[in-house]
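Below, each chain spelled out in residue letters.
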Amino acid sequence: MYVRRIVPNVQSEALEESSEFYSLLGFEEVMNHGWIMTLASTDNPAVQVSLMTSDKTAPVAPDMSIEVEDVDAAYAIMQTRGMEIVHPLTDEEWGVRRFFVRDPSGLVVNVLSHS
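Summary of the structure given here.

The rules behind the values
- Residues numbered from 1 in each chain as written.
- Predicted model: local features only at pLDDT ≥ 70, side-chain atom pairs only at ≥ 80, totals over all residues.
- Heavy atoms only, no water.
- Helix = DSSP H or I, 4+ residues; strand = E, 2+ residues; numbered from the N terminus.
- Buried < 20%, exposed > 50% of the residue type's maximum accessible area, 1.4 Å probe, protein only.
- Polar contact = N/O pair within 3.5 Å; in protein donor to acceptor, adjacent residues only side chain to side chain.
- Salt bridge = Lys/Arg side-chain N within 4 Å of Asp/Glu carboxyl O.

Quick word on the side chain of Thr-38
Turning to step 1, where the next piece is worked out: Topologically, Thr-38 is positioned in strand E3 (residues 36-41).
Turning to step 2, where the next piece is worked out: What makes Thr-38 buried here is its relative accessible area of 6%.
Turning to step 3, where the next piece is worked out: Within the structure, the side chain of Thr-38 is placed 2.8 Å from the side chain of Ser-50, a separation counted as a polar contact.

Structure, rendered in structure tokens:
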């Protein structure tokens with residue numbers, strides 16, 4: 001399984017204020033859908049954090065996102081192993097294919113690939 005990046009998802013009702021805070025640490029906005037904003041390091045764009053109020057199309061907000069090369073293969077593995085799928089494999093309007101799975105500690109992980 002090839003992992004492209006891992007992004008923590010920070011729940012916040014104050015997206016702009018949170019964005020300003022993280023800008024003090026060298027982050028800049030690279031995506032903003034209104035309910036989720038992703039910030040990346042100006043020196044290393046692969047270093048990212050997402051701020052979200054809630055998830056627009058899923059029943060819960062994930063704790064982290066893991067971008068993989070083949071989300072369909074990851075989904076099949078999780079189903080075969082009997083892991084709890086929190087949100088089914090879905091093609092989203094913003095260009096990702098994703099599903100949510102609960103890890104053994106209870107965290108919700110958004111597993112995705114870009115279309």
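A short note on the pattern of salt bridges
Here the idea is simple: oppositely charged side chains can pair when their charged atoms come close.
Turning to step 1, where the next piece is worked out: What the rule picks out here adds up to 8 salt bridges.
Turning to step 2, where the next piece is worked out: Asp-72 is paired through a salt bridge with Arg-97; the nearest N and O atoms lie 2.8 Å apart. Placement of the pair is Asp-72 in helix H2 (residues 71-80) and Arg-97 in strand E7 (residues 96-102), with a sequence separation of 25 residues.
Turning to step 3, where the next piece is worked out: Classification of Arg-97 as partly exposed rests on a relative accessible area of 23%.
Turning to step 4, where the next piece is worked out: Each member of the salt-bridge network shares a partner with another, and the members are Asp-55, Glu-92 and Arg-98.

The values reported here are purely geometric and, on their own, carry no functional implication.
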